[in-house]
4 protein chains.
Amino acid sequence: MASHPAAEFISPSAWAMVEDKFSPYAKETLAKLIAFVHDEVLPAQKVAHAQLPADPEKRWKTVIPVVAELKGKARNLGLWNLFLSKTHYPEYGVPLTNLEYALMAEILGRGGQMASEAVNCSAPDTGNMEVLARYGSPEQHKKWLVPLLNGETRSAFSMTERFVASSDATNIRTSIRREGNEIVVNGHKWYISGAGDPRCALHLVLGKSDPDNSDKYRQQSIVIVPANAPGVKVVRPMGVFGYDDAPEGHCEIIYENVRVPVSNLVLGWGKGFEIIQGRLGPGRIHHCMRSIGCASYALDLMIQRVTDPAKKTFGKYLYEHGTVVSEIAHCRAEIESARLLVLSAALQIDKAKAKGALKEIGIAKFVVPSMALKVVDTAMQAYGAEGISQDTPLAQMWAQLRTLRIADGPDAVHIQQIGQRELKRAPALARRTAEMKEREKALLAQYGVKASL
Amino acid sequence: MASHPAAEFISPSAWAMVEDKFSPYAKETLAKLIAFVHDEVLPAQKVAHAQLPADPEKRWKTVIPVVAELKGKARNLGLWNLFLSKTHYPEYGVPLTNLEYALMAEILGRGGQMASEAVNCSAPDTGNMEVLARYGSPEQHKKWLVPLLNGETRSAFSMTERFVASSDATNIRTSIRREGNEIVVNGHKWYISGAGDPRCALHLVLGKSDPDNSDKYRQQSIVIVPANAPGVKVVRPMGVFGYDDAPEGHCEIIYENVRVPVSNLVLGWGKGFEIIQGRLGPGRIHHCMRSIGCASYALDLMIQRVTDPAKKTFGKYLYEHGTVVSEIAHCRAEIESARLLVLSAALQIDKAKAKGALKEIGIAKFVVPSMALKVVDTAMQAYGAEGISQDTPLAQMWAQLRTLRIADGPDAVHIQQIGQRELKRAPALARRTAEMKEREKALLAQYGVKASL
Amino acid sequence: MASHPAAEFISPSAWAMVEDKFSPYAKETLAKLIAFVHDEVLPAQKVAHAQLPADPEKRWKTVIPVVAELKGKARNLGLWNLFLSKTHYPEYGVPLTNLEYALMAEILGRGGQMASEAVNCSAPDTGNMEVLARYGSPEQHKKWLVPLLNGETRSAFSMTERFVASSDATNIRTSIRREGNEIVVNGHKWYISGAGDPRCALHLVLGKSDPDNSDKYRQQSIVIVPANAPGVKVVRPMGVFGYDDAPEGHCEIIYENVRVPVSNLVLGWGKGFEIIQGRLGPGRIHHCMRSIGCASYALDLMIQRVTDPAKKTFGKYLYEHGTVVSEIAHCRAEIESARLLVLSAALQIDKAKAKGALKEIGIAKFVVPSMALKVVDTAMQAYGAEGISQDTPLAQMWAQLRTLRIADGPDAVHIQQIGQRELKRAPALARRTAEMKEREKALLAQYGVKASL
Amino acid sequence: MASHPAAEFISPSAWAMVEDKFSPYAKETLAKLIAFVHDEVLPAQKVAHAQLPADPEKRWKTVIPVVAELKGKARNLGLWNLFLSKTHYPEYGVPLTNLEYALMAEILGRGGQMASEAVNCSAPDTGNMEVLARYGSPEQHKKWLVPLLNGETRSAFSMTERFVASSDATNIRTSIRREGNEIVVNGHKWYISGAGDPRCALHLVLGKSDPDNSDKYRQQSIVIVPANAPGVKVVRPMGVFGYDDAPEGHCEIIYENVRVPVSNLVLGWGKGFEIIQGRLGPGRIHHCMRSIGCASYALDLMIQRVTDPAKKTFGKYLYEHGTVVSEIAHCRAEIESARLLVLSAALQIDKAKAKGALKEIGIAKFVVPSMALKVVDTAMQAYGAEGISQDTPLAQMWAQLRTLRIADGPDAVHIQQIGQRELKRAPALARRTAEMKEREKALLAQYGVKASL
């Protein structure tokens, strides 16, 4: 029997660990996705780049033609909304587990942002669609969710605030106030991804609706703000290193007396924190697996570079110099172990929901971006000046991965949470030790041996 | 249904990854082993230590009573020779796969060298039993293998040579020469583990029997040398840092005109290299999993230390100082990912034999000891002076783990092999890229876009 | 007596190490420079940024007004061409040693590219002025050097080639051919810094003039190519992590049958390699010291961020979380030790010329950029999203520092050279050991002690 | 003029940095010391090792003859008590600054513990002699200090306590109580270095004399306890990775109603904390410089190993494999920069006393041992099994260096102090930024430029 292409494009041993947990549908979809990304998406990168105008005005008003074509192809192939699990979203979802989608996300990571968009699995749309599907009213489904599911519109998640340490959500200053049948939104956000896109139809805006509530996790609400509502001012695109990531962008936005109908409230007053909590688990796994795809692709590029006869120096291949072979071995080792780590987190979500997988998600969240950055940096170095240029995907890949050590909570937050969680094992360990000491005492007596002081 | 103790003593998410690959027998055996190591072995450590004489002469003539007792208990529980798979050794083995035994090896690692000995799974006996079981004659089975399987004798594997860079086996200088019906052995070995034990009955000695063979992998043979044969001189115990690891030890040995019958040849003339190759794969996985057990146990000790109210300084728990919580999180993350890496290597051996798992074994071999050293070093630091003393297992654990970066080939050898193996992917990657470029060209033409130069 | 501001803005202990090696002029100049950079340059950064047009055309045709003003102020203060030592260039230079200028370069690094430009000490002009001053003809001095020394023009050093592994200078493909009284240049370069600047007057172009010479270090020559010569095509600005570094830029350039008079040859035929060798030593030290200035400034920014009451999360200052304090301590330690390393290299150049300081320069070259990248990355992380944005200097600083692991030879080249240089100590060490063994033998005999085997 | 041997045995560029700060006496003494260590001490190591009995009883009753001989030679050469600066101890000291002695301590580090002992500069005697010289009464000088200065006796500093987190000195439990004309000492110490030596004459014991004092830094006193006083029980030697470091040892000691005359109190009641504070600064620098000597010597050994033709594998020198050359380069770089760091700390002590050099001492304290451990570990790895054996100094060197990350305060304490000290710069930095913003505002106005929001 022919082996599955995952063994070649991902890893034979990782595939062996999970193969028997994949449904026939998942196996077939994964195989189709591998072919799609490598045969359709990667060859389209240069075209897409050329189709994005350099002009600072037009950049933000462009729907890239080749991406639109890819979206059509993907949907025809059944490669669409793969992130949305039928188990949780029977109405809209596909029959894939988190574990199954995780490997697909790795493949998407090889194809860059464009691959995710082509199969309608781009952040922040994915998380927004989950929020709307899970918490939205039927009216919200019809008006906002369905066009997103169809890839006709895009969306933004408006949480991070300028001038505020918003990794602590209780610091949020944006105000969400009810006035009659309307909600009034005032706030100053930035790094709102996707808000620059001409197709962006809505912002899910987090703000404080009840700042005096004694439960500080009930002070926040989320409302749907149409992107074209009066008072929504996109101030400027924020940079990621020197990239503007047009046309999606990561925008600074001011909401100035923006008025929306009360029906735009999501889930209910004071439910903002609950929504963002629910939104994060699987999304983090997706980011991690895409990062692993990036790293894996970067290592493929590095191997090609160091074996390229045109790049010999002093009569030798690059791989014959210095520490290149060792670096490749370490990169490979780190990719393999990071992948298994994230897959085990995905499986844990399938078995115990995101709440039962906080440890595994948290570990993946702080381990994977740093790992991927290291691999991509190593590959960049092998490419010399070309590695930091616009002529390979490496430099931009690095910049995007770097944001993941900050987004959804900086590394330090996750590291502290995992460490604190370990400390909670102390009482059980102390009991275990006490029992051991009891038995030790008995044994010492039995053998007439004196313990040291 | 009650969860398996592996979820507590190993890791819930790792267990979830492999549980459905475990037979009922394996699950039950693993549960028994967990109980045995924690209830019987760990409480016996201090007694064992006290029963080993300090006197430099007597140390090497001692069979530690409490270890003998543990061996009896273990055998009664069916916890015996767990490393020997029935699949490969139907006559002697137990019905466990490499994957199943791997988790057991982790548990043994928590109990130190004594745990492995108690269940008759100590290196180098395990590898020697495999060699004899696979390649030995019926007479060799009866005379040498059966007492080892019964735990009545112990053994040594005599390969590393003093004055020789013997990580390249073709450098070996020990001579194995036939004279009539006898084989004459002359050589100078060191770091021969287990040779100090009073129960050590045999040395498997690697030497050159055909030094002029043009195929340098056919120059070596292995013979069984009785430990008490005339001409076998145990020169001294070699140190591992300041430890002598009595009573097993790691000895310097001179073979001076040692004569054994021709029937002591293992497998055949010139088969030495073949034998050592076959011996290494699963053994490396065992070492790795035991190392992970060490690391996991060290982290448990660290957590207890930093939450110990008696160790507060400046009014705070140790964990409230500095970077302790972060270190614990990183240790946990590294243990989790290393374990998955080794488990996937073990599964790969089950699926594709050691030959089909060289990549996974090689990665595990260079990743795991360094990881475990880092974890144990971190725990030592938390213990202060006590951490480097004889009063916790940490310092000796560290010293033993340090040898694993050298034994069975130093890290660098494995790193180079993994790196070189990756380089072999270059032609396939180049083909993939060429195909991509073809499609890219077509797309650029289709959209009338000019590629950059 | 008031202490020198270097003790505050650099480091008291580093200053103590070198103070007595500074002339009164150097002390005074350094003090003026510290004031100039902090009082004049840093407050002008935002203005300069705003004065650079976003329009992709106009960006490259702009002389930033505030920078022009700063240059005037600097020259009036006597802060001009500080890199050019009177010892080597009595006609043009200032009376500063390498060691003295090194600390000034650190201060310039705090002020970014603009600070260096303001005092006419920007790469690549510095190296080019040295080349022209040392090797140029009187005519070349008058026509090309003097305007550069006056800060009226700028220049490029055209060495790196696209499609070529040009870290091995013998791979260079650009052709430099004599035809009658003219030299014809054909070649394809990229990452030619400064070539985008509207004031760029000349390119020093390295090419092969004698490709068949058996001495491969005599095949190259360098010619002065006027930036506006027919056949000089600036293809595009190359990116550095998305930055275009306008208006200087790092350009891709094609030289197509560019004709210059024979008098534009620098030093002589076949002297290209000699020139680039001479050019590199002090320049590397300048880069290193500026990098240390970057790192030091980044750490200052980090300290301000983590003590900013507006950035508290969960009721605590950022520095009260996680590993921030430890990170700051490590950053400080690495900055202090890197600075001493580079200062000792600068002193070594003063004492033994660049040739006698190859070891120290090589070590600084591979140690410092990685160190500075780590510090800046740590500071970025403390700033969260703002850290990777255009609103702090950190992200661009990081990107520029990253190029230094590639420019002037990638890290690996320098690491190998330093390692190989150490290996050359082997014979001397072996002799020392042999002598020691002789004495040991005598002592063993004297005390009647037997050495181990 | 012939160059000083420091340029060869230490580093030419470091020597260049400090040479003009060395007196003629210091230069001459350093040169003599270099010769003594290499010509006398290193050749005596094996003899000394052989003269130390293996017998667990006799080991602790031995004065090694060859060491005694070396001490005589050293004293005749004027290489004696070099640590004791005439500036601070005019009666007993030698005319050396901290900076001058620092380089000598590096040379001592190359010769191991024996070198320091030979010139009467061993810890803990050095610190104890300083304490007695600075704070001791004339009677104490005569009875305890003079024999130590003569190298006739040895001593211990009894501070660390078992069962107590004694890196916080206020946790100390040992009681020091006055009864009439006597002081009664009760306590339980461990890791008391030097207490095993048959020549050990006195313990300086830290304990609580006034546990209820509201100033917790006035609760402690230090008394001189004769090593042979009734009630002083040396329980056992504590291990350091299996080493017992006989005959000095690091002992567990119980003081049970030990009575000494009141005149044995040092300096005064409640002065214990003051004494230990004063004791630490220069001692830390000595440890650091000796560690650098260890690292430097280990790198010399590594270079010899990897260039040894007898250690070729697969037909190549070790240095031709893998990452060896790169490792050597990195080790060299780290040694060079660590040395400069410590020298600058030593100079700072000379300029501003230990109090004015806390930052520099603190940085050296946490940077150097980790650096040296890494270098020695790298060298060990190059030696394979021999590296961890008793046949090279590397393994024991590693173990001793490892204690330095714990002794005199664990790394974490120093890292936190340095980080906190940096945070204190925040107000000054904030002022500097505020001034910059003022000027920026003016400039923006001057140029009519609008700042971004």
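Residues numbered from 1 in each chain as written. Chains lettered and ligands numbered in written order. Predicted model: local features only at pLDDT ≥ 70, side-chain atom pairs only at ≥ 80, totals over all residues.

- An unreviewed UniProt entry lists chain A under the name Acyl-CoA dehydrogenase NM domain-like protein, from Daedalea quercina L-15889.
- Database annotation for chain A, UniProt heading Cofactor (unreviewed entry): "FAD". (UniProt positions renumbered as here; feature names shortened; annotations may be inferred.)

Structural notes on the relation of the copies chain B and chain D
Okay, step 1: When chain B is brought onto chain D, the operation consists of a screw motion whose angular component is 180 degrees and whose axial shift is 0.0 Å, with 0.1 Å RMSD remaining. With respect to symmetry, the two chain copies, as superposed, fit the operation of a two-fold axis. Rotation axis and chain B: the residue whose C-alpha lies nearest the axis is B:Gly242, separated from it by 1.7 Å.
Okay, step 2: In this assembly the copies share their binding face: 97% of the residues contributing to the interface of chain B also contribute to that of chain D. (Least-squares fit on C-alpha atoms with pLDDT ≥ 70 in both. Contact = placed C-beta atoms within 7 Å.)

Re the pairing of strand β3 (residues 182-193) of chain D
Note on strand geometry: in a regular strand, side chains alternate between the two faces of the sheet.
Residues and elements named next belong to chain D.
Okay, step 1: The pairing of strand β2 (residues 175-179) with β3 spans 5 bridges and is classified as antiparallel. Within β3, the residue paired with Arg177 across the bridge is Val184.
Okay, step 2: What sits between β2 and β3 in their antiparallel hairpin is a turn of 2 residues, with Gly180 showing a positive phi close to 60 degrees.
Okay, step 3: Of the strand pairs in this sheet, β3 and strand β7 (residues 250-261) are connected by 9 bridges, and their pairing is antiparallel. Residue Gly187 lies in a different strand from β7, and its bridge partner there is Tyr255. (Pairing = 2+ DSSP bridges. Helix = DSSP H or I, 4+ residues; strand = E, 2+ residues; numbered from the N terminus.)

With respect to the environment of D:Glu40
Okay, step 1: Following the sequence through the fold, D:Glu40 ends up in helix α3 (residues 24-41).
Okay, step 2: The residues contacting D:Glu40, other than those within four sequence positions of it, are D:Leu70 and D:Lys73.

Regarding the relation of the copies chain B and chain A
Okay, step 1: With an RMSD of 0.0 Å, chain B superimposes on chain A once it is rotated by 180 degrees and translated 0.0 Å along the axis.
Okay, step 2: The fraction of interface residues of chain B whose copies in chain A are also interface residues reaches 100%, indicating that both copies meet through the same surface.

What to know about unusual backbone geometry
For residues other than glycine, phi is negative in most cases, and the peptide bonds are mostly trans.
Okay, step 1: A cis geometry characterises the amide bond from A:Ala123 onward to A:Pro124, with omega recorded as 0 degrees.
Okay, step 2: Among the secondary structure elements, A:Pro124 is positioned in the loop between α6 (112-118) and α7 (125-135).
Okay, step 3: Of the consecutive residues D:Ala246 and D:Pro247, the connecting peptide bond is found in the cis state with omega at 0 degrees.
Okay, step 4: By secondary structure assignment, the location of D:Pro247 is in the loop between β6 (232-237) and β7.
Okay, step 5: Its identity is not glycine, yet B:Asn257 carries a phi of approximately 50 degrees, on the positive side.
Okay, step 6: You can see B:Asn257 is positioned in strand β7 (residues 250-261).

Side note on α7(A)
Okay, step 1: The buried count for α7(A) comes to 8 of 11 residues, which makes it a mostly enclosed element.
Okay, step 2: Looking at α7(A), one finds that the buried residues are A:Asp125, A:Thr126, A:Gly127, A:Asn128, A:Met129, A:Glu130, A:Val131 and A:Leu132. (Buried ≥ 20, exposed ≤ 12 C-beta atoms within 10 Å, placed from the backbone.)

Some details on the packing of helix α11 (residues 358-383) of chain B against helix α13 (residues 411-423) of chain B
All names here are of chain B.
Okay, step 1: In the contact formed by α11 and α13, the axes pass within 9 Å of each other and the chain directions differ by 140 degrees. Classified by the angle between their axes, α11 and α13 sit oblique to one another. The two elements α11 and α13 meet at a crossing, and its hand is left-handed. From α11, Lys359, Gly362, Ile363, Lys365 and Phe366 reach across to α13, where they touch Asp411, His414, Ile415, Gln417, Ile418 and Arg421.
Okay, step 2: Residues of the contact of α11 with α13, tallied by class, amount to 4 nonpolar, 3 polar and 4 charged. (Axes fitted to C-alpha atoms, helices over the stretch in contact; angles between N-to-C directions. Parallel < 35°, antiparallel > 145°, perpendicular 65-115°, else oblique. Left-handed = near helix turned anticlockwise from the far one by under 90°. Nonpolar A, V, L, I, M, F, W, Y, C, P; charged D, E, K, R; others polar.)

What about the interface of chain B and chain A?
Okay, step 1: Each side of the interface is counted separately: chain B has 58 residues, and chain A has 58 residues.
Okay, step 2: Of all the secondary-structure elements, those providing two or more residues to the side of chain B that touches chain A are α2 (12-18), α3 (24-51), α4 (65-77), α9 (272-306), α10 (324-352), α11, α13 and α14 (426-446) of chain B.
Okay, step 3: Across the side of chain B that touches chain A, the residue classes break down as 35 nonpolar, 12 polar and 11 charged.

Thoughts on the UniProt feature "domain: Acyl-CoA dehydrogenase/oxidase N-terminal" (unreviewed entry) in chain A
Okay, step 1: Sequence positions flagged by UniProt for "domain: Acyl-CoA dehydrogenase/oxidase N-terminal" (unreviewed entry) are, in local numbering, residues 63-152 of chain A.
Okay, step 2: Summarising residues 63-152 of chain A: 61% helix, 0% strand, and an end-to-end C-alpha distance of 11 Å.

Notes on the domain arrangement of chain A
All names here are of chain A.
Okay, step 1: Segmenting chain A into domains produces domain 1 (5-149), domain 2 (154-266) and domain 3 (274-426).
Okay, step 2: Put simply, the middle of domain 1 and the middle of domain 2, counted by C-alpha atoms, are 25 Å apart.
Okay, step 3: Each partner contributes residues to the interface: domain 1 has 20 residues there, and domain 2 has 18 residues.
Okay, step 4: The set of elements that each furnish at least two residues to the side of domain 1 that touches domain 2 consists of α7 and α8 (138-149).
Okay, step 5: In the side of domain 1 that touches domain 2, the residues fall into 10 nonpolar, 6 polar and 4 charged. (Domains from an automatic or database assignment.)

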